[in-house]
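Chain by chain, the residues run as shown.
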Amino acid sequence: LTLSSIAWQFSLKGKTDRAVETLQKAREEAAAAREALPANLKLAPMLDRSAGPVLMRTAVVHALAAEVDQALAAARSISDKDRRGQALAMVVSMRARAGDLREALELALSFDSPDDRRHALESLASGLLTRLKAEEQLKKPDEVKPKEER
């Protein structure tokens, strides 16, 4: 989880290339750790539950990097139905925030589950609102703050 958290921080700072590289390293280390487990160790359910947040972050980072196929693959690989729906909606939201509204809408409408489509359309609206607020903020001149008197 540490590497996925680092990747998440990179993505929040707009460093999507670094985020994707870090996620790849996290996947490689997780695969190596799974291979190292003894065959008789029954940890599959525990590993599956802990993978959900990592896969969700992976989906979001790939969506921010405009790597939609990878984002969708990560989201769809989440076994928990509710978390999978949330991850799919986050992919749509991130594409809307990036200004790819047509792609975000097409993605949202392509989901099989009516609940996933509804949630994705709500996330599209939220992502679009975030984008519009950010654009509005960029248009405003910096406020001049008066100097404090000493």
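Structure shown above.
Residues numbered from 1 in each chain as written. Predicted model: local features only at pLDDT ≥ 70, side-chain atom pairs only at ≥ 80, totals over all residues. Heavy atoms only, no water.

Undergrad: In this structure, what is going on with the pattern of salt bridges? I would like to understand it.
TA: Opposite charge on two side chains lets them pair, provided their charged atoms get close. Under the criterion given, the structure shown has 4 salt bridges. With its nearest N and O atoms 1.9 Å apart, the salt bridge here joins aspartate 100 to arginine 95. Judged by relative accessible area, which is 28%, aspartate 100 ranks as partly exposed. A single network of salt bridges, built from pairs that share partners, joins Arg95, Asp100 and Glu103. (Salt bridge = Lys/Arg side-chain N within 4 Å of Asp/Glu carboxyl O. Buried < 20%, exposed > 50% of the residue type's maximum accessible area, 1.4 Å probe, protein only.)

Undergrad: How should I be thinking about the packing of helix H6 (residues 101–110) against helix H7 (residues 114–139) in this particular structure?
TA: In helix packing, the relevant descriptors are the interaxial angle and the interaxial distance, both defined with respect to the helix axes. Where H6 contacts H7, the two axes come as close as 8 Å, and the packing angle between them is 165 degrees. As judged from the angle between their axes, H6 and H7 are roughly antiparallel. The way H6 lies across H7 gives a crossing that is right-handed. Residues Leu101, Ala104, Leu105, Ala108 and Leu109 of H6 form the contact with H7, whose participating residues are Arg117, Ala120, Leu121, Leu124 and Leu128. (Axes fitted to C-alpha atoms, helices over the stretch in contact; angles between N-to-C directions. Helix = DSSP H or I, 4+ residues; strand = E, 2+ residues; numbered from the N terminus. Parallel < 35°, antiparallel > 145°, perpendicular 65-115°, else oblique. Left-handed = near helix turned anticlockwise from the far one by under 90°. Contact = heavy atoms within 4.5 Å.)

Undergrad: Can you walk me through unusual backbone geometry in this structure?
TA: Across residues other than glycine, the phi torsion is negative in most instances, and most of the peptide bonds are trans. Backbone geometry at alanine 66 places phi at a positive 65 degrees, although glycine is not the residue there. By the element assignment, alanine 66 lies in the loop between helix H3 (44–64) and helix H4 (68–76). Of the residues examined, alanine 66 reaches a relative accessible area of 48% and is grouped as partly exposed.

Undergrad: I'm lost on the side chain of serine 123 in this one. Help?
TA: Mapped onto the elements, serine 123 comes out in helix H7. The contact partners of serine 123, leaving out residues within four places of it in the chain, are Ala89 and Ser93.

Note that all results are geometric; they support no functional claim without further evidence.
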